[in-house]
Amino acid sequence: MTGRFLNIAPPSKSCWLVLSLISSECLTLSEALQRRIMRLTPIQIFILMCGFCSRFHAIAYPPVQTVQTQNEVAPGSDVSLRCDVPLLNESSTLLWEKDGEQISNNTLIYNNSAFIILHTVDEHSEGKYYCKLMEDGKTETVRIHTLNVTSHSYNGEKKNRLIYRQSSSNSDVLLIFKSSKNYKSLKWTWEPKPNSRIDLIAFENEIQVQLKEPIKPGIRSSTKYNSQALIFHISPVYFNYRGTYRCITEISVYTTIILHTIRVSVEPPDGVLRNQSVVLTCELSEVTGSVMLVWLRMEGNRGVLVKQQIMTKKNNKLQLTVNLSSYESDLMNWQCAVFTENTLRALAPITNSLNLSDLSIETSTVTNQAINKHAKATASCVLALCTGFLLGALLCYCYKKRMSIISVRSDPQESEPVYINISQMRNDRAERSSTLENKENSPEIYRNIRRNRYGKTNINKRDETTVTSESVTYATIYFNKSKFQT
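Note that this is a predicted model, so its numbers are computed, not measured.

### Considering the state of the cysteines
One pass over the full model with this rule turns up two disulfides. The disulfide bridge from Cys83 ends at Cys131, spanning 1.8 Å between sulfur atoms. Here Cys83 is found in strand S2 (residues 79–84), whereas its partner Cys131 is found in strand S7 (residues 127–135), with 48 residues between them in sequence. Like Cys131, Cys83 is buried. The side chain of Cys282 participates in a disulfide bridge whose partner is Cys336; the two sulfur atoms lie 1.9 Å from each other. In this structure, the disulfide formed by Cys282 and Cys336 twists by about -75° around the S-S bond and is classed as left-handed. On the criterion of sequence distance, the pair formed by Cys282 in strand S17 (residues 278–284) and Cys336 in strand S21 (residues 333–340) is long-range, its members being 54 residues apart. Assigned by exposure class, Cys282 and Cys336 land together as buried. If one numbers only the bonded cysteines of the protein chain, in the order they occur, the disulfide pattern is 1-2, 3-4. Left without a disulfide partner, Cys398 is nearest to the cysteine sulfur of Cys396, which lies 9.3 Å away.

Given below as structure tokens:
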């Protein structure tokens, strides 16, 4: 065999000396460490283990630090508060309180953060808001936020105030004008599109001007104007109510508010069977800058991310859809969240469109409901058909009866003559009549008999021949044979 081999020079005496020294030192250190450990008592070993565990817990669970913040907003604004913790266990929870009292359960916990939205703040919203972490029976304050509300709503025309509302019957918008100065003339306007201004409410010298009111004022709208405050209430909020709202005085624009609307929909909209798929759609009316739409599956007040997408003006459709198969349709709530720069701006639940708790109904119950629905529909159809047949039979009977009357009136010749012997009738009457007057009045009977029911004479005038006891006189009476047919 032939090949190439590397020529490695043997180590020198100095290298051997260094290696021997290093190995001897390592043996010495290991022996010393073993001797030291063997000298430790069990108590000292336990203390060392506790120190190690606490050090590990400090690294894994860093301590919570209280953060204090504050801001000042104008009345009518929306305020979004957020507090973060390094790690949030399933057994832990975050909640917001105001001045020591818990706020209604509208806190969203998402990504180790607790969000809360304060809609349409006013002087009653001022105060301190506490974000507290509840874990293992202990409560720690994570954040303290102080909210101040100004005494006026001025922001001019350039500083727009952006708010989001869901298109539903439960949503509302309060357009608040508040000033320390007096203004004689004031009006709220709406621009659904650029350069298309519509007056909503107007006052001239504190007297309201009658307008067409394209948006009907809500129950909280002002009926009087005292030169310093005016509220226009919009309820409910429809998807096409998006746009720019301005409060204009006789001097300039005082307040500018931009409203973006959110619409959530469910297909099919009239309920869902167990074996059907569901499509959830979250749609935004317009975008200012960059917005993130997020579909969350709610487990209590915790949001589990299902799908998210960033929306900009370049998007053709500002909507986010989620397809749910039948096995995913359980007892869950779904909400569409709108975030701008990690700030929660709006939450839109789908409970107004469809109650998804109905999705958890057993298949048998759903089937029974469907059967009952079809049975009711079938019974209604049968009843409608029977009613139609009865009406048709009644109309047919009335039509035939009317036609028979018309035929008799139009052609009386169809009547068939019937002959009767009236001589005996005359003789009987003559015997009973003892006076000449009765005999003279007797021809009236024959004259009446000669007339039929239509007032027409159907026989010729009776011959004035001498009547004997053996003579026979006949009278002709016409009957409508159609009435006597069997």
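Read on for the rest.
### Section: the UniProt feature "transmembrane region" (unreviewed entry) in the protein chain
Under the local residue numbering, the UniProt record ascribes the feature "transmembrane region" (unreviewed entry) to residues 377–399. The span residues 377–399 shows a helical share of 100% and a strand share of 0%, and its end C-alpha atoms are spaced 33 Å apart.

### Considerations on the packing of aromatic side chains
Taken as a whole, this structure holds eleven aromatic pairs when the rule is applied. Taking 5.1 Å as the distance between ring centres and 70° as the angle between the ring planes, the aromatic pair formed by Tyr154 and Tyr254 counts as edge-to-face. Of this pair, Tyr154 sits in the loop between strand S8 (138–149) and strand S9 (161–166) while Tyr254 sits in strand S16 (residues 253–267), placing them 100 residues apart in sequence. Here Phe177 and Tyr254 contribute two aromatic rings whose centre-to-centre distance is 5.0 Å and whose plane-to-plane angle is 75°, an arrangement assigned as edge-to-face. In this pair, Phe177 is assigned in strand S10 (residues 173–178) and Tyr254 in strand S16, connecting sequence segments 77 residues apart. As far as burial versus exposure is concerned, Phe177 and Tyr254 are alike and both buried. Following the ring pairs from residue to residue traces out a cluster consisting of Tyr154, Phe177, Tyr183, Phe203, Tyr225 and Tyr254. Above the face of the Tyr130 ring, Lys132 is positioned so that its terminal group lies 5.9 Å from the ring centre. The ring of Phe239 is capped by Arg263, whose NZ or CZ atom sits 3.9 Å from the centre of that ring.

### Details of the pairing of strand S3 (residues 93–98)
Bridging between S3 and S7 involves six bridges; their strand directions are antiparallel. Note that in S7 the partner of Trp96 across the bridge is Cys131. Relative to strand S4 (residues 101–102), S3 runs antiparallel, the two sharing two bridges. Paired with Glu97 across the two strands is Gln102, which belongs to S4.

### Some points on the pairing of strand S11 (residues 185–193)
Consecutive side chains of a regular strand alternate in pointing toward one face of the sheet and then the other. Of the pairings in the sheet, the one linking S11 to strand S12 (residues 196–204) comprises seven bridges and is antiparallel in character. Bridge assignment links Lys187 to a residue of S12, and that residue is Ala202. Hairpin geometry of S11 and S12 is characterised by an intervening segment of two residues between the two adjacent antiparallel strands and by a positive phi of about 65° at Asn195.

### Considering the pattern of salt bridges
Within this structure, the stated rule accounts for ten salt bridges. Glu123 is the salt-bridge partner of Lys178, the closest N and O atoms lying 3.6 Å from each other. Here the residue Lys178 occupies a position in strand S10, and Glu123 occupies one in the loop between strand S6 (113–118) and S7, the gap between them amounting to 55 residues. The class for Lys178 is partly exposed, based on a relative accessible area of 29%. Note that Arg246 is salt-bridged to Glu191, the shortest N-O span being 2.7 Å. With Arg246 in strand S15 (residues 243–249) and Glu191 in strand S11, this pair connects stretches of sequence that are 55 residues apart. The same class applies to Arg246 as to Glu191, namely buried. When salt bridges that share partners are traced, they join Glu191, Arg197 and Arg246 into one network.

### Here we look at unusual backbone geometry
In this chain, Ser235 is followed by Pro236 through a cis amide linkage whose omega measures 0°. The phi dihedral of Asn112 falls on the positive side, at around 60°, and the residue is not glycine. With phi around 65°, Asn195 is a residue other than glycine that occupies positive phi space. By the element assignment, Asn195 lies in the loop between S11 and S12.

Conventions and cut-offs
Residues numbered from 1 in each chain as written. Predicted model: local features only at pLDDT ≥ 70, side-chain atom pairs only at ≥ 80, totals over all residues. Heavy atoms only, no water. Disulfide = S-S within 2.5 Å. Helix = DSSP H or I, 4+ residues; strand = E, 2+ residues; numbered from the N terminus. Buried < 20%, exposed > 50% of the residue type's maximum accessible area, 1.4 Å probe, protein only. UniProt positions renumbered as here; feature names shortened; annotations may be inferred. Phe/Tyr/Trp six-rings, centres within 6.5 Å; stacked < 30°, edge-to-face > 60°. Lys NZ or Arg CZ within 6 Å of the ring centre and 35° of its normal. Pairing = 2+ DSSP bridges. Salt bridge = Lys/Arg side-chain N within 4 Å of Asp/Glu carboxyl O.

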